[in-house]
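# Topology and contacts: notes
Here's the letter readout for the chains.
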Amino acid sequence: MCIRDRSRRDSERAKAGLYIARQNDTSVWGNGNILGYSRPDGRGGAFVIEEEQAETVRMIKDMYLYEDMGLTDIKIRLEQLGRKTSKGTTSWYVSTISRILDNSFYAGKQRLCQTKVENYLEQKPIKQSKDQIMYKNTNAPTLFSWEEYELIQEKKAARTVVVNDRTVGKKEAKHFWNTKLVCACGSTYAGQKWRQKKDGINVG
């Protein structure tokens, strides 16, 4: 048996073992460091809601889902209110807020098997398609309803587009012609006004 076949066989066996364990195991996989929760009994213990952090998570959910705020606006609002991140700082990143909204744990389910290995020699993971991702109940108290979680994902999908395997936000079209002119990637064009600088040079 060649090295490539042996590597493929060993990887498939390991993946199969993890898949079975994840389905049968009642514990939550990962380090369990999730904003809004704590584990008083240590790793492997039950998740308990940390009320101050949980209030921040609910605020993020409400601002995005019900107040129709964008991620950048939510970041600014959280920093204005002095809300703390999981690291205890008041400086927020848009990517952090996005991950919170995308975390099904808050709705009572943990998302597993998000990646798989295609190249068994280099062990490079690739993202699974959504219909291949596995969910399991966490038995932890929830901060979102599952219906709210699905609405958030629908809203995020409508506001983003995949460009060169990267998910980027669509720019809001504020001018009539911006709604008519659409890039091949799915984003609308950004409008710019012609103006004259102090030195007389026209820019736009």
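Residues numbered from 1 in each chain as written. Predicted model: local features only at pLDDT ≥ 70, side-chain atom pairs only at ≥ 80, totals over all residues. Heavy atoms only, no water.

## Overview of the overall build of the protein
The line we're drawing: Numbering goes from the N terminus for both helices and strands, where a helix is a DSSP run of H or I of at least four residues and a strand is a run of E of at least two. Residue contacts follow a heavy-atom distance rule, with two residues in contact if any of their heavy atoms lie within 4.5 Å. The Shrake-Rupley method, run with a 1.4 Å probe, gives the accessible areas here. Residue values count only the displayed protein chains as cover.
Counting its secondary structure elements, the protein contains five helices and 10 strands. Long-range contacts, defined here as pairs at least 24 residues apart, represent 48% of the contacts in the protein between residues at least 6 apart. For the protein, the accessible surface area stands at approximately 14,100 Å², while carbon and sulfur atoms represent 49% of it.

## Topic: the pattern of salt bridges
As a reminder of what qualifies: Definition used for salt bridges: Asp or Glu carboxyl oxygen within 4 Å of a side-chain nitrogen of Lys or Arg.
Summed over the entire model, instances satisfying the criterion amount to eight salt bridges. Across the pair Lys61 and Asp62 runs a salt bridge, and its minimum N-O distance is 3.0 Å. With a shortest N-O distance of 2.9 Å, Lys155 and Asp68 are connected by a salt bridge. Note that Lys155 is positioned in helix α5 (residues 146-159) and Asp68 in the loop between α2 (51-65) and α3 (71-81), a separation of 87 residues in sequence.

## A short note on helix α4 (residues 94-102)
An α-helical turn contains 3.6 residues, so a residue and the one three or four places further along point in the same direction. Just so we agree on the cut-off: Using a 1.4 Å probe on the protein chains alone, a residue whose accessible area is under 20% of its type maximum counts as buried, one over 50% counts as exposed, and one in between counts as partly exposed. The directions considered for the arc run from the helix axis to the C-beta atoms.
Within the sequence span of α4, burial applies to Ile97, Ile100 and Leu101. Looking straight down α4, one finds that the buried residues subtend no more than 95 degrees of arc, so they occupy a single side. Each element contacted by the buried residues of α4 is listed here: α2, α3 and α5.

## With respect to unusual backbone geometry
Its identity as a non-glycine residue notwithstanding, Asp68 has a phi of 60 degrees, on the positive side. A positive phi is found at Asn139, a non-glycine position, where the angle reads about 60 degrees. With respect to the helices and strands, the residue Asn139 is situated in the loop between β6 (134-137) and α5.

## Re the packing of α4 against α5
Cut-off, in case you're wondering: Here, axes are lines fitted to C-alpha atoms. For helices the fit covers the stretch in contact, and angles between N-to-C directions go from 0 to 180 degrees. Roughly parallel means an angle under 35 degrees; roughly antiparallel means over 145; roughly perpendicular covers 65 to 115; every other angle is labelled oblique. When residues are grouped by polarity, Ala, Val, Leu, Ile, Met, Phe, Trp, Tyr, Cys and Pro land in nonpolar, Asp, Glu, Lys and Arg in charged, and all others, Gly among them, in polar.
It is at 9 Å that the axes of α4 and α5 come closest, and there the two elements cross at 135 degrees. Considered as vectors, α4 and α5 are oriented oblique to each other. Listed contacts from α5 to Ser98, Leu101 and Asp102 of α4 are Tyr149, Ile152, Gln153 and Lys156. Looking at the contact of α4 with α5 residue by residue, the classes come out as three nonpolar, two polar and two charged.

## Side note on the nonpolar core
Put simply, the rule reads: By convention a nonpolar core is built from buried Ala, Val, Leu, Ile, Met, Phe, Trp, Tyr and Cys residues, the set being connected through side-chain atoms within 4.5 Å.
Membership of the largest hydrophobic core comes to 27 residues, with the highest contact counts inside it found for Ile60, Ile74, Leu78, Ile97 and Tyr106. For this core, the secondary-structure elements that each account for two or more residues are α2, α3, α4 and α5. No other element matches α2, which puts seven residues into this core. Once you skip the residues sitting within four places of it in the chain, Leu78 turns out to touch Thr56, Met59, Ile60, Met63, Arg83, Trp92 and Ile97.

## Some details on the packing of aromatic side chains
We count it as follows: Two rings from Phe, Tyr or Trp (for Trp, the six-membered ring) form a pair when their centres sit within 6.5 Å of each other. Planes less than 30 degrees apart are called stacked, planes more than 60 degrees apart edge-to-face, and all others tilted. Any Lys NZ or Arg CZ found within 6 Å of a ring centre and within 35 degrees of that ring's normal is scored as a charge over the ring.
Under the definition given, this model contains six aromatic pairs. Lys109 extends its terminal NZ or CZ atom over the ring of Trp146, reaching a point 4.4 Å from the ring centre. Against the face of Tyr64 rests Arg159, its NZ or CZ located 5.0 Å from the ring centre.

## Looking at α2
Worth spelling out the cut-off: A helix's residues, less one, multiplied by 1.5 Å, set its expected span.
Taking 1.5 Å per residue, 15 residues should reach 21 Å; α2 reaches 21 Å between its end C-alpha atoms and fits that length. Along α2, the residues classified as buried are Ala54, Thr56, Val57, Met59, Ile60, Lys61, Met63, Tyr64 and Leu65. The inward-facing, buried residues of α2 contact β2 (48-49), α3, α4 and α5.

## Digging into the side chain of Thr56
What counts is decided by this rule: Distance and chemistry together define a polar contact, namely a pair of N or O atoms within 3.5 Å, with one atom able to donate a hydrogen and the other to accept it when in protein, and with adjacent residues in sequence counting only for side-chain atoms on both sides.
Relative to the helices and strands, Thr56 resides in helix α2. A distance of 3.0 Å separates a polar atom in the side chain of Thr56 from a polar atom in the side chain of Arg83.

## Focus on the side chain of Lys156
The line we're drawing: This count recognises Lys and Arg as positive and Asp and Glu as negative, with His and chain-terminal groups excluded.
Of note, Lys156 is situated in helix α5. For Lys156, which is buried and forms no salt bridge, the nearest opposite charge comes from Asp102, at a distance of 4.4 Å.

## Some points on the packing of α2 against α5
Our working rule: Definitions for this section: a left-handed crossing has its near helix turned counterclockwise from the far helix by less than a right angle. A right-handed crossing has that turn clockwise.
Taken N-terminus to C-terminus, the directions of α2 and α5 make an angle of 55 degrees; their axes are 10 Å apart at the nearest point. What the angle tells us is that α2 and α5 run oblique. Relative to α5, α2 is oriented so that their crossing is left-handed. Of the residues in α5, those touching α2 at Lys61, Tyr64 and Leu65 are Glu148, Leu151, Ile152, Lys155, Lys156 and Arg159. In terms of residue class, the contact of α2 with α5 is made up of four nonpolar, no polar and five charged.

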